[in-house]
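Summary of structural features
If you want the building blocks of each chain, they are given just below.
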Amino acid sequence: MEENRTARIRAADAERERVASAVQTAGSEGRLTLEEVEERLTHVYAAKFTDELAELTADLPRPAPPRPGFPLTRAALRRHPALRLHLAVVVAIAVVIVVRWAVLGAGFFWPAFPIFWLAVSLFVHARVRSFRERPGTAVPY
């Protein structure tokens, strides 16, 4: 291969689909005409290298980065066994203190305070886990 030529990276199917989705979104927003969408989609699926894909979306606005959602979801619990363990400990302690409150017959529901702080610790743990798994540098197209 030639030494003076810059290395080009081959495009994967997932990258083509991402660019095709961006082109279709721009068309549905009215940024591109139907003919432009069809032409660009033809070029997207014919592209062999990532720089060709970048050219097809260079004049389109970049999508806003996704906002972080609620950190404690079922998907997060499936991904992180430490969160599952933390949740199990919080539930176990909450059950023990509520049962103790019920058995002792205290009038004021004092377990609300420790349960609140246990829940806060769980949400903070989930939030820290969600920040740690941020993806690396975004692909420019």
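The sections below set out a description of the structure shown in this document. Note that the coordinates shown come from a computational prediction; the quantities given were computed from them, not determined experimentally. The residue numbers shown here count from 1 along each chain, following its written sequence. Since the coordinates come from a predicted model, pLDDT governs what is reported: local features require at least 70, and pairs of side-chain atoms require 80 or more to be given and counted, while whole-chain, interface and lining totals use all residues. Hydrogens and water are ignored here; the side-chain numbers use all heavy atoms of the structure.

Here's the deal with the overall build of the protein
Where we set the bar: Think of it this way: any DSSP run of H or I at least four residues long counts as a helix, any run of E at least two long counts as a strand, and we number them from the N terminus. Burial classes: relative accessible area under 20% of the type maximum marks a residue as buried, over 50% as exposed, and values in between as partly exposed (1.4 Å probe, protein chains only). Contacts are assigned to residue pairs that have any heavy atoms within 4.5 Å of one another. Exposure was quantified through the Shrake-Rupley algorithm and a 1.4 Å probe, taking into account, for residues, occlusion by the shown protein chains and nothing else.
In terms of regular secondary structure, the protein is built from 6 helices and 0 strands. The buried share of the protein, reckoned over its 141 residues, is 24%. In the protein, once contacts between residues fewer than 6 apart in sequence are set aside, the share between residues at least 24 apart is 67%. Approximately 10,600 Å² of the protein is accessible, and the part contributed by carbon and sulfur atoms is 63%.

Some details on the nonpolar core
Using the following cut-off: Side-chain atoms within 4.5 Å link the members of a nonpolar core, which is a set of buried Ala, Val, Leu, Ile, Met, Phe, Trp, Tyr and Cys residues.
With 13 residues, the main nonpolar core has Val-19, Val-23, Leu-32, Val-37, Leu-41, Val-44 and Leu-53 as its most contacted residues. Going through the elements one at a time, helix H1 (13-28), helix H2 (34-46) and helix H3 (50-56) are the ones with two or more residues in this core.

A look at a nonpolar patch on the surface
Going by this rule: By definition, no residue in a patch forms a salt bridge, and every one has over 30% relative accessible area; like charges are joined within 9 Å, nonpolar side chains (Val, Leu, Ile, Met, Phe, Trp, Tyr) within 5 Å. One speaks of a salt bridge when a side-chain nitrogen belonging to Lys or Arg is within 4 Å of a carboxyl oxygen belonging to Asp or Glu.
A contiguous nonpolar patch, built from Val-91, Val-95, Val-99, Val-103 and Leu-104 and spanning about 470 Å² of accessible area, is present on the exposed surface. For Val-103, the position within the fold is in helix H5 (residues 81-104).

Concerning the packing of aromatic side chains
Just so we agree on the cut-off: Here the aromatic set is Phe, Tyr and Trp, taking the six-membered ring for Trp, and pairing holds for ring centres within 6.5 Å; pairs whose planes are under 30 degrees apart are stacked, those over 60 apart are edge-to-face, and all others are tilted.
As enumerated under the stated definition, the model contains 3 aromatic pairs in all. For the ring pair Trp-101 and Phe-109, a centre distance of 4.9 Å and an interplane angle of 90° mean the geometry is edge-to-face. Measuring from ring centre to ring centre gives 4.9 Å for Phe-116 and Trp-117, while their planes differ by 75°; the resulting arrangement is edge-to-face. A residue is classified by how much of its surface remains accessible, and Phe-116, at 46% relative accessible area, is partly exposed.

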